[in-house]
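Single-letter residue listing:
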Amino acid sequence: MSNFTEACWPKNDQAACSLTVVVPVLNEEAGLAEFHLRLMMALQALQVTHEILYIDDGSTDGTEDQLKSLRNHHPCVSVAKLSRNFGKEAAMTAGLQLAKGQAVVIIDADLQDPPELIGQMVDAWRQGADVVSMRRRSRAGESWFKEASAFAFYRVFNALADVHMPADVGDYRLLSRRVVNAINQLPERNRFMKGIFAWVGFRTVTIEYDRHARAEGQSKWPYRKLWRFAVEGITGFSVAPLKLATYTGVASALLSFGYAAHFLIKTLLVGEAVHGFPTLIVSILLLGGLQLMAIGILGEYIGRIFLESKRRPLFLLDEYEQATSLSSESKP
Ligand code: UDP
Ligand code: MG
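As a convention, each chain's residues are numbered from 1 in the sequence order in which they are written. Numbering of ligands from 1 and lettering of chains from A proceed in the order in which they are written. pLDDT decides what is reported in this predicted model: residues at 70 or higher carry local features, side-chain atom pairs at 80 or more are listed and counted, and totals for whole chains, interfaces and linings draw on all residues regardless.

A. Structural detail: the overall build of the protein chain. Strands here are runs of E lasting at least two residues and helices are runs of H or I lasting at least four, both read from the DSSP assignment and numbered beginning at the N terminus. On a plain count of helices and strands, the protein chain comes out with 10 helices and eight strands. Here the C-alpha radius of gyration of the protein chain, 26 Å, is well above what a compact globule of 332 residues would show, namely 20 Å. Viewed in the frame of its principal axes, the protein chain has a C-alpha envelope of about 95 × 40 × 35 Å. Exposure is read from a count of other C-beta atoms within 10 Å of each residue's own; the residue is exposed at 12 or fewer, buried at 20 or more and partly exposed in between. C-beta atoms are placed from the backbone. Taken over 332 residues, the protein chain has a buried fraction of 31%. Contacts are defined on C-beta atoms placed from the backbone: any two residues whose C-beta positions lie within 7 Å are in contact. Across the protein chain, contacts joining residues at least 24 apart in sequence account for 85% of those joining residues at least 6 apart. Radius of gyration: C-alpha atoms only; globule rule: 2.2 Å multiplied by the number of residues to the exponent 0.38.

What follows is the structure, given as structure tokens:
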């Protein structure tokens, strides 16, 4: 593979870096070599100066050693190792902060996003796009439940949130330097990146592609995590659930006033005795449930305020070895 190296990074000049490819990786040892080979071939065909920045998000398998060896063999590879698993959103944030390129592509390491499309993305960027997002025309190898929940999530998010998140567009995208700078300026700890990408705006071009099945290994997103991710996305970009709590409260109060008036009139005018127990228990349970739900919604937002107010860093770097000969400075 050594014949790939020359095209990477000429003359040790960081300003010459046109493109950084950010790859968040968590335990991808099985497929990483193939991914790297395909990425290198795709990039070499482009003839742009580039850096491949792997963010090791606390891998516990052989990924770390593989990344070290890639870095030793290819001067255009940078490797940043986070101190533990911070999650893909934090890994992408780290990648955007460390990237040197004039454009940044974010890509998964499992070959679900074909690296061969980077050429089309770079072309669109050269023609003036600031964001090139990739819309999945089809998704191979995903369960019907995952497809249906993703479909529902994009619709619910767009109905509730203040920004529009295009459906079926994942994290695979190209961002120009000014978009990366804009994102890096956002101070929030809750990094729901799809929402952040939508929030910053700028000239966007969308390219359609067929998403493949995972080449090796397992998805790192169990349904429990996906649910948390969805709640984080919605509460991070919308206060609609709080309004929902308010309006549900108002609606149930109005309903109970009407109900009380109904019984009052019935007793006074018709003189019919009121059968209390069923109505009582139903209304207590209903109101109790609504109140708990409203407190739960409040809790989600208070939790968010709590996490934001601690102002902890989004991730911690354990090691960072940069591309080019600068790498000798990065470690004692
Ligand atoms: N990933 C990561 N940190 C995590 C989970 C995933 O860096 O906590 C990486 C993973 O190695 C892969 C990408 O993010 O390169 C997408 O992950 P995955 O394929 O598991 O997600 P899916 O495609 O199922 O949405
Ligand atoms: Mg995947």
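B. Looking closely at the pairing of strand β3 (residues 77–82). Burial analysis of β3 places six of its six residues in the buried class, which makes it a mostly covered element. Along β3, one buried face is formed by Val 77, Val 79 and Lys 81 and the opposite face, lined by Ser 78, Ala 80 and Leu 82, is buried too. Here strand β2 (residues 50–56) runs beside β3; their pairing, made up of five bridges, is parallel. Bridge pairing in β3 links Ile 55 to Ala 80. The handedness of a crossover follows from its direction of travel: if, with the strands pointing away from the viewer, the path from the first strand over the helix to the second runs clockwise, the crossover is right-handed. With respect to chirality, the unit in which β2 leads through helix α2 (residues 63–73) into the neighbouring parallel β3 is right-handed. At least two bridges found by DSSP between two strands are what make those strands a pair.

C. Structural context of the site of ligand 1. Pro 24, Asp 57, Ala 109, Ser 219 and Lys 220 are the nearest of the 17 residues found near ligand 1. Elements that contribute at least two residues to the shell around ligand 1 include exactly β1 (19–25) and α3 (88–98). For each residue, a C-beta position is placed from the backbone atoms; the residue is near a molecule or strand when that point lies within 6 Å of it.

D. Just the packing of helix α5 (residues 144–160) against helix α8 (residues 223–237), in detail. Orientation of α5 relative to α8, taken along the N-to-C sense of each, is 15 degrees, at an axis distance of 10 Å. As summarised for this structure, α5 and α8 are arranged roughly parallel, according to the angle between their axes. Helix-helix and strand crossings are classified by hand; for α5 and α8 the assignment is right-handed. Counted together, Ser 149, Phe 153, Phe 157 and Leu 160 of α5 and Leu 226, Ala 230, Gly 233 and Ile 234 of α8 form the full contact between these two elements. Only the contacting stretch of a helix is used when fitting its axis, a line to C-alpha atoms as for every element, and angles between N-to-C directions run 0 to 180 degrees. Working rule for angles: under 35 degrees goes down as roughly parallel, over 145 as roughly antiparallel, 65 to 115 as roughly perpendicular, anything else as oblique. Crossings are classed by handedness, with left-handed meaning an anticlockwise turn of the near helix from the far one by less than a right angle and right-handed meaning a clockwise turn.

E. The arrangement of the UniProt feature "transmembrane region" (unreviewed entry) in the protein chain in detail. UniProt positions are given in the numbering used here, feature names are shortened, and annotations may be inferred rather than shown by experiment. Residues given the UniProt feature "transmembrane region" (unreviewed entry) here are residues 244–265 and 277–302. Here residues 244–265 is 100% helix and 0% strand, with 32 Å between the C-alpha atoms at its ends.

F. Spotlight on the domain arrangement of the protein chain. Domain segmentation is taken from an automatic or database assignment of domains. By domain assignment, the protein chain separates into domain 1 (19–142 + 168–220) and domain 2 (239–310). The gap between the C-alpha centroids of domain 1 and domain 2 is 47 Å.

G. Structural detail: the nonpolar core. Ranked by internal contacts, the top residues of the largest apolar core, which has 62 residues, are Val 22, Val 23, Ile 55, Val 104 and Val 105. Other than its neighbours up to four places away in sequence, Val 23 contacts Ile 52, Leu 53, Tyr 54, Ile 55, Ile 107 and Ala 109. One nonpolar core equals one set of buried Ala, Val, Leu, Ile, Met, Phe, Trp, Tyr and Cys residues connected by C-beta atoms within 7 Å.

H. Inspection of the sheet that holds strand β5 (residues 131–139) at higher detail. Across the sheet, eight strands lie side by side as β7-β5-β6-β4-β1-β2-β3-β8; this open sheet has mixed pairing. Edge positions in the sheet fall to β7 (204–211) and β8 (317–321), since each has one partner strand and no second. In this sheet, adjacent strand axes meet at a mean angle of 20 degrees when their direction is disregarded. The sheet strands contacting α2 are β1, β2, β3 and β8, and the helix crosses β3 at an angle near 155 degrees. Lying over the sheet, helix α6 (residues 177–185) contacts β4 (103–106), β5 and β6 (169–176), oriented at roughly 110 degrees with respect to β6.

I. Quick look at unusual backbone geometry. Phi is positive for Asp 168, close to 60 degrees, though the residue is something other than glycine. As for its placement among the helices and strands, Asp 168 is situated in the loop between α5 and β6. What makes Asp 168 partly exposed here is the crowd of 18 C-beta atoms within 10 Å. Even without glycine at this site, Arg 311 takes up a positive phi of about 55 degrees. Mapping Arg 311 onto the fold places it in the loop between α10 (276–310) and β8.

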